[in-house]
Structures are given as C-alpha cells and as structure tokens.
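Close look at the chain arrangement
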Amino acid sequence: WAAIGGSLSPTQAKMLAWSYGVVVYAALGLGCAAVVQRVTTSLGARLGLVTSAAGALLYTFGIWFEMARYDWWWKAFGATFVLSFAAAHASLLLLVNLTDKFAVVRTVTRLSSYACATTLTAMMLFERSDELLWRVSAVTSTLALFGTLAMPVLWKLGNARSAA
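Figured I'd write up the structure that's included with this text.

Thresholds, definitions, all that
Residues numbered from 1 in each chain as written. Predicted model: local features only at pLDDT ≥ 70, side-chain atom pairs only at ≥ 80, totals over all residues. Heavy atoms only, no water. Core = buried A, V, L, I, M, F, W, Y, C linked by side-chain atoms within 4.5 Å. Buried < 20%, exposed > 50% of the residue type's maximum accessible area, 1.4 Å probe, protein only. Helix = DSSP H or I, 4+ residues; strand = E, 2+ residues; numbered from the N terminus. Contact = heavy atoms within 4.5 Å. Axes fitted to C-alpha atoms, helices over the stretch in contact; angles between N-to-C directions. Parallel < 35°, antiparallel > 145°, perpendicular 65-115°, else oblique. Left-handed = near helix turned anticlockwise from the far one by under 90°. Nonpolar A, V, L, I, M, F, W, Y, C, P; charged D, E, K, R; others polar. 1 Å grid on protein atoms, 1.4 Å probe; cavity = no way out; pocket = protein on both sides within 12 Å on 5 of 7 lines; lining within 4 Å. Points joined across faces, edges and corners; volume = space filled by probe spheres on them. Disulfide = S-S within 2.5 Å. Salt bridge = Lys/Arg side-chain N within 4 Å of Asp/Glu carboxyl O.

1. So, the nonpolar core
Counting residues in hydrophobic clusters, the biggest one holds seven residues: L28, C32, V35, V36, A45, A87 and A88. For this core, the secondary structure elements donating two or more residues are α1 (10-38) and α3 (71-92). Ranked by residue count, the leading element in this core is α1, at four residues. Not counting residues within four places of it along the chain, the set of residues in contact with A87 comprises C32, G44, G48 and Y114.

The following block contains the structure:
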C-alpha cells in the first residue's frame, strides 16, 4: 500500500529506490552476459558486464551511504549508466545474424552507440556542454537509432535472398 499512495519510511524509500536501480543495472548486465555466452570474443559485452556491476555497486553505496550529495557520485553514476547501456545495446546487435552485405550497417550502428556514450560521458565528467559536443551526440545517437531499427529489416532481406 505504501508504494502506491501511502507514506514510506526513509528506509522503505531507500529500499524501493535501491531495488529499481539495481534491477536496471542487472538487466543491462544480463544483456551483456547473453552476448558473452554466444559471442565469446566480444570485448564490448565484457566491458558492459564490468560497467554494470560497477554501476550497481556505486548505486548501492550512493543510496545506502548517502553519497548522492557529492558531485563525483553523480558523475560516476551517469558514466556507468550511459556506458552500460551503450555496451548492452551494441553487444546485443551482435546477435542479429546478418549477411556480409549488411554487416557494415551493424558495425556503424555499434560504433555510433559507443561514440554517443563516450561523448555523453565526457560531457558529464568534464562538465562541458559545447554545441559541437551536443551535435556529435545528436548525430551518433541518430545513427545508432536508425541502424538499430534497420536490423530486423536487413535480417529479413538477407534471409529472403538466401532462400531464393
């Protein structure tokens, strides 16, 4: 009842916030783990596992030991989240079985995802918000988005050509 509309004690509020945060990091880590299991050479997926675990640990300390009052904690939290998300996204694209003709789209999409995450992380850590950095972030995120949306179409086109 308390989570829906009642009042939460400080400990209950911390427990609820902690649970949601750790679940997000766990989901990102599980996405990377699924890729590591199938594509054992994926360094990005391994990086995602490490970053997700570090992020969950950092988040735990932030909630339970009230480190959220420090700027460095917010920067580290943001960096681990953005990098974990990008690693999971880019790694999961490896599971799409594309023909060699369309593999370059996956490569560009993965690189765009990592480039966007790197740009956003640098902006957070160094507290920069130059227009050029925002443009780089916009372009790389757009490439990552449309490349991701193209994956099922390219997979279907590759399968249709091999069946014919």
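Moving on from the coordinates now.
2. Quick notes on the packing of helix α2 (residues 43-64) against α3
Two elements in contact, α2 and α3, have axes separated by 8 Å at closest approach and are oriented at 150 degrees. When the interaxial angle is binned, α2 and α3 end up roughly antiparallel. For the pair α2 and α3, the sense of crossing is left-handed. Residues G44, A45, G48, T51, S52, G55, L58, Y59 and G62 of α2 touch α3, and the partners they reach there are W72, W73, A76, F77, T80, L83, S84, A87 and S91. Counted by class, the contact of α2 with α3 contains nine nonpolar, nine polar and no charged residues.

3. Here's the deal with the layout of surface pockets
When its volume is computed, the largest pocket comes out at roughly 200 Å³. Contributing to the lining of the largest pocket are V82, F85, A86, H89, S113, C116, A117, L120, S141, A144, L145 and T148. Residue assignment for the lining of the largest pocket shows that the elements contributing at least two residues are α3, α4 (103-125) and α5 (131-163). Here the lining of the largest pocket is composed, by residue class, of eight nonpolar, four polar and no charged.

4. A closer look at unusual backbone geometry
Positive phi, normally seen in glycine, also occurs at E66, with a value near 50 degrees. Relative to the elements of secondary structure, E66 occurs in the loop between α2 and α3. The exposure class assigned to E66 is partly exposed, which follows from its relative accessible area of 43%. Its identity as a non-glycine residue notwithstanding, E127 has a phi of 50 degrees, on the positive side. In this structure, E127 sits in the loop between α4 and α5.

5. Some thoughts on the state of the cysteines
This structure, assessed with the given rule, holds zero disulfides. There is no disulfide at C32, and the cysteine sulfur nearest it, in C116, is 16 Å away. Accessibility expressed as a relative area gives 11% for C116, which makes it buried.

6. Considerations on the pattern of salt bridges
On inspection of all chains with the given rule, the structure shows four salt bridges. As a salt-bridge pair, D130 and R128 come within 2.2 Å of each other at their nearest N and O atoms. Classification of R128 by relative accessible area gives partly exposed; the value is 42%. Of the charged contacts, one joins R135 and E131 as a salt bridge, the two residues approaching to 2.5 Å between their closest N and O atoms. Of this pair, R135 and E131 both sit in helix α5, four residues apart, which is roughly one turn of the helix. Like E131, R135 is exposed.

Nothing here speaks to function; it is geometry throughout.
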